[in-house]
Amino acid sequence: QEQLVESGGGSVHAGDSLRLSCAFSDPSFKSYYIYWFRQTPGKEREFVSAINWYDNGTYSSEALRDRFTISRDNSKSMAWLQMNSLKPEDTAVYYCAVSRTLVTVPSQILGFWGRGTQVTVSS
């Protein structure tokens, strides 16, 4: 059974918007930070955003915070990443992750990763 499942990726044009979803099956994740990371081939996985469980406070990459917004609804066991004004350089596989700790480095995630969803932005 997959514990985190991303969806909502696809191919879009520059300037378009996309909303990614992350569904989690383990109820303990309701008390975990939820993260979005992204990765392109040959590059390290990059922190995008995180959200806590106690007041829905968010933590975001300075480079992306103006265009990307993370959210969650524990009653639905779901989290989302709203991406606006997409650019070709946003092309990547986007991963959902959960961790009991607040981190910005993928190797420090103490929890679980989804398998990712591809986002492709063309010019």
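Residues numbered from 1 in each chain as written. Predicted model: local features only at pLDDT ≥ 70, side-chain atom pairs only at ≥ 80, totals over all residues. Heavy atoms only, no water.

Draft legend 1. Representation of the state of the cysteines within the structure. One pass over the full model with this rule turns up one disulfide. Each sulfur of the disulfide joining cysteine 22 and cysteine 96 lies 2.0 Å from the other. Judged by the torsion about the S-S bond (-75°), the cysteine 22/cysteine 96 disulfide is left-handed. Here cysteine 22 is found in strand β3 (residues 18–24), whereas its partner cysteine 96 is found in strand β9 (residues 92–99), with 74 residues between them in sequence. (Disulfide = S-S within 2.5 Å. Helix = DSSP H or I, 4+ residues; strand = E, 2+ residues; numbered from the N terminus.)

Draft legend 2. Region of the structure containing the packing of aromatic side chains. In the structure shown here, the tally under the stated rule is 13 aromatic pairs. Centre to centre, the rings of phenylalanine 68 and tyrosine 94 are 6.5 Å apart; their planes meet at 55°, and the pair counts as tilted. Of the two residues, phenylalanine 68 sits in strand β7 (residues 68–73) while tyrosine 94 sits in strand β9, which places them 26 residues apart along the sequence. By the ring-pair criterion, three or more aromatic residues cluster together here, those being Tyr33, Tyr35, Phe37, Phe47, Trp53, Tyr54, Tyr59, Tyr95 and Trp113. One Lys or Arg, arginine 45, reaches over the ring of tyrosine 95 and ends 3.8 Å from the middle of that ring. Across from the ring centre of tryptophan 113, 4.6 Å away, lies the NZ or CZ of arginine 45, which sits over that ring. (Phe/Tyr/Trp six-rings, centres within 6.5 Å; stacked < 30°, edge-to-face > 60°. Lys NZ or Arg CZ within 6 Å of the ring centre and 35° of its normal.)

Draft legend 3. Spotlight on the nonpolar core. Counting 25 residues, the largest nonpolar core has Leu20, Trp36, Phe68, Leu81, Met83 and Tyr94 as the members making the most contacts within it. Contributions of two or more residues to this core are made by β3, β4 (33–39), β5 (46–51), β7, β8 (78–83), β9 and β11 (117–122). The residues touching tyrosine 94, leaving out its near neighbours within four places in the chain, are Glu6, Leu20, Trp36, Phe37, Arg38, Val48, Phe68, Leu81, Met83, Gly116, Thr117 and Val119. Counting eight residues, the second-largest nonpolar core is a separate cluster that includes Tyr33, Ala50, Ala97 and Val103. (Core = buried A, V, L, I, M, F, W, Y, C linked by side-chain atoms within 4.5 Å. Buried < 20%, exposed > 50% of the residue type's maximum accessible area, 1.4 Å probe, protein only. Contact = heavy atoms within 4.5 Å.)

Draft legend 4. Spotlight on unusual backbone geometry. With a phi angle near 55°, serine 77 is a residue other than glycine that sits in the positive phi range. Within the element layout of this structure, serine 77 appears in the loop between β7 and β8. Given the relative accessible area of 19%, serine 77 is considered buried. The phi torsion at serine 85 lies on the positive side, around 50°, for a residue other than glycine. Tracing the backbone shows serine 85 in the loop between β8 and β9. Overall, serine 85 belongs to the partly exposed group, its relative accessible area being 41%.

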